Amino acid sequence: MSTLDTPTATLPFEPYRELDSAELTERIQAVRSQMGKELLILGHHYQQDEVIALADLRGDSYQLSKLAAQSRDCRYIVFCGVHFMAETADIVANRPEVLAGRDGWRVPVVLPDLAAGCSMADMAEIEQVENCWDELSEVIDMDRVVPVTYINSAASLKAFCGRHGGIVCTSSNARAVLEWAFERGDRVFFFPDQHLGRNTSMGMGIALEQMPVWDPFADELGGNSEEDIRGSKVILWKGWCSVHQMFRPEHVEMFRRRDPEIRILVHPECPREVFELADEFGSTNKIIQTIQQAPAGSRWAIGTELHLVNRLKQEHPDKEIHFLSPVVCMCATMYRIDLPHLCWSLENLAAGTPVNVIEVDDETAKWARIAIERMLDIG
Ligand code: 13P
Ligand code: SF4
């Protein structure tokens, strides 16, 4: 069934820090050749160049969840991304019908560094979300509220959505998901990213006054009045991305002053003030496609993670590409996945001693899968 060696003791990480990139790359390639099709390395677009170059498949959050769901041949997944992405991969790659087709083999999903989390996902904990739901139920009819969680959230929040008739969204399908939700209820409870929720809802004609923000640390009703909640269409969680919140309207204005023809392209996790000034927006994959399809000589300032923007610059020397902020905005947790961690986790896998396996418990996975599959059905 597998090319793995007989298990021995786990290989320690420390010696890998001493190796140079060339040796690490060579050893990673050796494991890839040894394990062949049994191994699938998935990589998010925000990964460092030397890491993404070693991924079998790359994508944005939506594509990676789809790729993991379609991964019927592989026996092991190594996820070069962040924790919530590895959890999602475990949930969809190990759904019961696929497990049965693999004679019960559960694909271990390895996150090369367990410290690769997402600060936004950490801003909403399940107890806080449940408390919010209970508090809201004292003011509004919760049967008509549809919970929507951004995929950047813990599996327990996705399970919450599964249990309450809700759904998951990504940055590439947020609008279609909100339309789905409004076909099933009068209000949406959106977490954890207020910006994605607000930017998408405003594009659907929902007024700012109909979008109260729920602060989980406020004493009562998330810092809102009963009227705010009764008058709401979308209740937004007070969460944000520490990387995208650093893009400011002044940055857009500075580029436009210097070059009135420049196109501003941003990720929808950017604050509303930036999003509204932008010419175009989209998920990381949409940003890549937009630049690929842009005419030679076109000029762009892009508001998303630094590694992706730098890669676009290198890959499109015929276009002028700028990073939208004068300060470095990079995702420090995505950056945790480096060659030493990738090599260490792969060599342990090949040695039969998998490390950093992300496993969602069956009950949580069952409900989270319902919410994820609702999203995958929409596309
Ligand atoms: P994408 O959905 O564009 O992959 O974005 C994920 C993410 O974490 C952006 O910060
Ligand atoms: Fe999370 Fe922001 Fe990093 Fe994306 S860029 S993984 S939302 S911290």
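Report on the accompanying structure.

**Observations regarding the overall build of the protein**
Working step 1: Across its full length, the protein holds 17 helices and 13 strands.
Working step 2: Relative to all contacts within the protein whose residues are 6 or more apart in sequence, the contacts with residues 24 or more apart total 70%.
Working step 3: Here the protein has roughly 15600 Å² of accessible surface; of this, 49% comes from carbon and sulfur atoms.
Working step 4: The protein carries 36 positive and 58 negative side-chain charges, and their two centres are separated by 5 Å.

**Considering the pairing of strand E5 (residues 145–150)**
Working step 1: Of all the 6 residues making up E5, 6 are buried; the element is thus mostly covered by neighbouring parts of the structure.
Working step 2: Side chains Val-145, Pro-147 and Thr-149 project from E5 onto one buried face, and the interleaved Val-146, Val-148 and Tyr-150 project onto a second face that is buried too.
Working step 3: Examined bridge by bridge, E5 and strand E7 (residues 187–191) share 5 bridges and lie parallel to one another. Within the sheet, the bridge partner assigned to Pro-147 lies in E7 and is Phe-189.
Working step 4: Read from E5 through helix H8 (residues 155–163) to strand E6 (residues 167–169), the crossover connection turns out right-handed.

**Things to note about the site of ligand 1**
Working step 1: The full set of residues close to ligand 1 is His-44, Tyr-46, Asp-60, Ser-61, Asn-152, Ser-171, His-244, His-267, Glu-269, Ser-283 and Thr-284.
Working step 2: Contacts to ligand 1 include Glu-269, whose side-chain N or O atom sits 2.9 Å from an oxygen atom.
Working step 3: About the coverage of ligand 1: the protein hides 95% of its 300 Å² of free accessible area.

**Details of the nonpolar core**
Across soluble globular proteins, nonpolar side chains show a tendency to be buried alongside one another.
Working step 1: The biggest cluster of nonpolar side chains holds 128 residues, and the ones touching the most others in it are Val-148, Phe-189, Phe-190, Ile-264, Ile-302 and Leu-324.
Working step 2: Contact partners of Ile-302, with chain neighbours within four places excluded, come to Phe-247, Leu-265, Ile-287, Ile-291, Val-309, Leu-312, Ile-321, His-322, Phe-323 and Leu-324.

**Description of the side chain of Arg-102**
Working step 1: Mapping Arg-102 onto the fold places it in the loop between helix H6 (96–101) and strand E4 (109–110).
Working step 2: Although buried, Arg-102 forms no salt bridge, and the nearest oppositely charged side chain, Asp-73, lies 8.0 Å from it.
Working step 3: At 3.4 Å, the side chain of Arg-102 forms a polar contact with the side chain of Asn-94.

**Focus: the site of ligand 2**
Working step 1: Tyr-46, Cys-118, Ser-119, Met-120, Asn-152, Cys-241, Val-243, Glu-269 and Cys-331 make up every residue found near ligand 2.
Working step 2: Broken down by class, the residue content of the shell around ligand 2 amounts to 6 nonpolar, 2 polar and 1 charged.

**A look at the sheet that holds strand E1 (residues 39–44)**
Working step 1: Pairing within the open sheet is parallel, and its 4 strands lie in the order E2-E1-E3-E4. Each edge of the open sheet carries a strand with a single partner, namely strand E2 (57–59) and E4.
Working step 2: Two strands pair when backbone bridges link them, and strand E3 (residues 76–80) and E4 are joined in this way by 2 bridges, in the parallel orientation. Bridged to Ile-77 within E4 is Val-109.
Working step 3: Packing against the sheet, helix H4 (residues 61–69) makes contact with E1, E2 and E3, and its axis sits at approximately 140 degrees to E2.

**Details of the pairing of strand E13 (residues 320–323)**
Two faces make up the sheet, and in a regular strand the side chains alternate between them.
Working step 1: Burial along E13 is one-sided: the residues Ile-321 and Phe-323 are buried and none of Glu-320 and His-322 is.
Working step 2: Bridge analysis of strand E12 (residues 299–303) against E13 gives 4 bridges, and the strand direction is parallel. Residue pairing for E13: Ile-302 is matched across the bridge by Phe-323.
Working step 3: In this region the chain leaves E12, passes through helix H15 (residues 306–315) and returns to the parallel neighbour E13; the handedness of that crossover is right-handed.

**A few points about the environment of Thr-170**
Working step 1: Looking at the element boundaries, Thr-170 is found in the loop between E6 and helix H9 (174–182).
Working step 2: Given the relative accessible area of 1%, Thr-170 is considered buried.
Working step 3: Along the backbone, Thr-170 and Arg-187 are 17 residues apart, and their C-alpha atoms lie at a distance of 19 Å.
Working step 4: Once residues within four sequence positions are removed from consideration, Thr-170 is found in contact with Ser-61, Tyr-62, Tyr-150, Ile-151, Leu-196 and Met-375.
Working step 5: Side chain to side chain, Thr-170 and Ser-172 meet in a polar contact 3.0 Å long.

**Quick look at the environment of Gly-43**
Working step 1: Secondary-structure assignment places Gly-43 in strand E1.
Working step 2: Separated by 17 residues in the primary sequence, Gly-43 and Asp-60 place their C-alpha atoms 8.6 Å from one another.
Working step 3: Once residues lying within four places of it in the same chain are set aside, the contact partners of Gly-43 are Ile-52, Ala-55, Leu-57, Arg-58, Gly-59, Leu-64 and Cys-80.

**Regarding the sheet that holds strand E8 (residues 213–214)**
Working step 1: Read from one edge of the open sheet, 5 strands run E6-E5-E7-E9-E8, paired in parallel fashion. Taken across any chain shown, the strands that pair with only one partner, and hence form the sheet edges, are E6 and E8.
Working step 2: Along the sheet face, H8 touches E5, E6 and E7 and points at about 155 degrees away from the line of E5.

Rules and cut-offs
- Residues numbered from 1 in each chain as written.
- Chains lettered and ligands numbered in written order.
- Predicted model: local features only at pLDDT ≥ 70, side-chain atom pairs only at ≥ 80, totals over all residues.
- Heavy atoms only, no water.
- Helix = DSSP H or I, 4+ residues; strand = E, 2+ residues; numbered from the N terminus.
- Contact = heavy atoms within 4.5 Å.
- Areas by Shrake-Rupley, 256 points an atom, 1.4 Å probe, with all protein chains shown as cover.
- Lys, Arg positive; Asp, Glu negative; His and termini not counted.
- Charge placed at Lys NZ, Arg CZ, Asp CG, Glu CD.
- Buried < 20%, exposed > 50% of the residue type's maximum accessible area, 1.4 Å probe, protein only.
- Pairing = 2+ DSSP bridges.
- Right-handed = clockwise from strand over helix to strand, strands pointing away.
- Near = heavy atom within 4 Å.
- Polar contact = N/O pair within 3.5 Å; in protein donor to acceptor, adjacent residues only side chain to side chain.
- Core = buried A, V, L, I, M, F, W, Y, C linked by side-chain atoms within 4.5 Å.
- Salt bridge = Lys/Arg side-chain N within 4 Å of Asp/Glu carboxyl O.
- Nonpolar A, V, L, I, M, F, W, Y, C, P; charged D, E, K, R; others polar.
- Axes fitted to C-alpha atoms, helices over the stretch in contact; angles between N-to-C directions.

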